[in-house]
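# Fold and geometry: a report
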Amino acid sequence: MLSRDVTIVNEVGLHARPATFFIQKANTFKSSIWIEKEDRRVNAKSLLGVLSMGIVKGTVVTLIADGEDEADALNGLEKLILDELGD
């Protein structure tokens, strides 16, 4: 299991369209992936779960991956976030 803290940099955070891009990317990996904010953790492959977190610009989240491609998953998701989730 690997984890990494990442700061959300795009203007609207993980809402609607950016959250969809994030979830689509997460679903390309075989590993189980979670996103954690403060004391809440949700499945990063669940749109409803990610949207329920209310993640806005500047929020530091922890990405957690567990599985055969966990390093690739964290690297790919961090890159997507730092590229402003396609916005």
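A brief look at the structure comes next.

What counts, and where the lines are drawn
Residues numbered from 1 in each chain as written. Predicted model: local features only at pLDDT ≥ 70, side-chain atom pairs only at ≥ 80, totals over all residues. Heavy atoms only, no water. Buried < 20%, exposed > 50% of the residue type's maximum accessible area, 1.4 Å probe, protein only. Helix = DSSP H or I, 4+ residues; strand = E, 2+ residues; numbered from the N terminus. Pairing = 2+ DSSP bridges.

### Brief notes about the pairing of strand 2 (residues 32–37)
Burial of the side chains of strand 2 is restricted to one face: Ile 33, Ile 35 and Lys 37 are buried, whereas none of Ser 32, Trp 34 and Glu 36 on the reverse face is. As paired strands, strand 2 and strand 4 (residues 60–66) are joined by five bridges and run antiparallel to one another. Bridging from a neighbouring strand, Ile 33 pairs with Ala 65 of strand 4. As paired elements, strand 2 and strand 3 (residues 40–43) share four bridges and run antiparallel to each other. Bridge pairing in strand 3 links Ile 35 to Val 42. Counted between consecutive antiparallel strands, the loop separating strand 2 from strand 3 contains two residues, among which Glu 38 sits at a positive phi close to 55°.

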